[in-house]
Amino acid sequence: MTTRIFLFHPNPDQSRANKAMAQAAAEQGIEVRNLYALYPDGKIDVKKEQAALTATDRIVLQFPMYWYSMPSLMKEWLDQILEYGWAYGSSGDALQGKQVLLAVTQGAGAQDYTANGRFHVTTQELLKPIETIKYHTGLVFEEPFVLSGVLNLSNEKLAQEAANYVGCLQES
Ligand SMILES: Cc1cc2nc3c(=O)[nH]c(=O)nc-3n(C[C@H](O)[C@H](O)[C@H](O)COP(=O)(O)O)c2cc1C
């Protein structure tokens, strides 16, 4: 089973959480595809991305939460690669049965993402629009990996969470 991380972070070098997670994964031999570095001008090579997805059994979409959603390149990437006739439609079965792990980091704390919390919405609800893609594509979404409260996370706790993430990636 090939697991590949598709990392969507505009500035991985200045990142703390996503950098630690991606580095821990890379150290275990898991390939990290850094999309903002691959496409600094935002022009996505659709065929190349589709080929990378074809060669992946377990697709990890790793990203920081931006405005209760995903970074803009990730949305653009989804819009472009999920083509009719490839990802969906009567002959579009390229992604059928592939697993997807959403790995998201949040600046705010887990308690903020509860029905009665600061944002009155859960992370599960916010991820629904991405997970709903399964009905067109046959992708199989796993329980997401969510790292909240990143802004207040100690280095020790972050290292522990990065190790937990790698543990998740190594499960099949
Ligand atoms: C443009 C922007 C929007 C953000 N929106 C949210 C948000 O909606 N919810 C949240 O919890 N954190 C939000 N944050 C904080 C990031 O999610 C947080 O800094 C990131 O997950 C930390 O990961 P990093 O260390 O890899 O950058 C936002 C940050 C930026 C720059």
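A. Spatial organisation of the packing of aromatic side chains. Overall, the coordinates contain seven aromatic pairs when judged by the stated rule. Plain terms: the ring middles of Phe6 and Trp77 are 5.4 Å apart, the flat faces sit at 45° to each other, and that makes the pair tilted. Here Phe6 is found in strand 1 (residues 3-7), whereas its partner Trp77 is found in helix 4 (residues 72-81), with 71 residues between them in sequence. For Phe6, a relative accessible area of 0% puts it in the buried group. Linked through ring pairs, Trp67, Tyr68, Tyr113 and Phe119 together constitute an aromatic cluster.

B. Up close: the side chain of Lys98. Secondary-structure assignment places Lys98 in the loop between helix 4 and strand 4 (99-105). Put simply, Lys98 is tucked away with no salt bridge, and the nearest opposite charge, on Asp57, sits 4.7 Å away. Polar side-chain contacts of Lys98 include one of 3.3 Å to the backbone oxygen of Leu53.

C. Up close: the pairing of strand 4. Buried residues dominate strand 4, accounting for six of its seven residues. Two elements, strand 3 (residues 58-64) and strand 4, share seven bridges in a ladder whose sense is parallel. Residue pairing across strands places Gln62 opposite Ala103, the latter belonging to strand 4. In terms of handedness, the path from strand 3 via helix 4 over to strand 4 forms a crossover that is right-handed. Bridge count between strand 4 and strand 5 (residues 140-141): two bridges; the pairing is parallel. Bridge pairing links Val100 to Phe141 in strand 5.

D. Quick peek at the nonpolar core. By size, the foremost hydrophobic cluster in this structure holds 35 residues, and its most contacted members are Phe6, Phe8, Leu61, Phe63, Trp77 and Ile130. Of all the secondary-structure elements, those providing two or more residues to this core are helix 2 (35-38), helix 3 (46-54), strand 3, helix 4, strand 4 and helix 5 (123-131). Per-element tally for this core: the top contributor is helix 4, with five residues. Beyond its immediate sequence surroundings of up to four residues, Ile130 is in contact with Phe63, Met70, Met74, Leu102 and Phe141. Core analysis: the second largest hydrophobic core is formed by 17 residues, Met21, Ile30, Leu147 and Tyr165 among them.

How each quantity is defined
- Residues numbered from 1 in each chain as written.
- Predicted model: local features only at pLDDT ≥ 70, side-chain atom pairs only at ≥ 80, totals over all residues.
- Heavy atoms only, no water.
- Phe/Tyr/Trp six-rings, centres within 6.5 Å; stacked < 30°, edge-to-face > 60°.
- Helix = DSSP H or I, 4+ residues; strand = E, 2+ residues; numbered from the N terminus.
- Buried < 20%, exposed > 50% of the residue type's maximum accessible area, 1.4 Å probe, protein only.
- Lys, Arg positive; Asp, Glu negative; His and termini not counted.
- Salt bridge = Lys/Arg side-chain N within 4 Å of Asp/Glu carboxyl O.
- Polar contact = N/O pair within 3.5 Å; in protein donor to acceptor, adjacent residues only side chain to side chain.
- Pairing = 2+ DSSP bridges.
- Right-handed = clockwise from strand over helix to strand, strands pointing away.
- Core = buried A, V, L, I, M, F, W, Y, C linked by side-chain atoms within 4.5 Å.
- Contact = heavy atoms within 4.5 Å.

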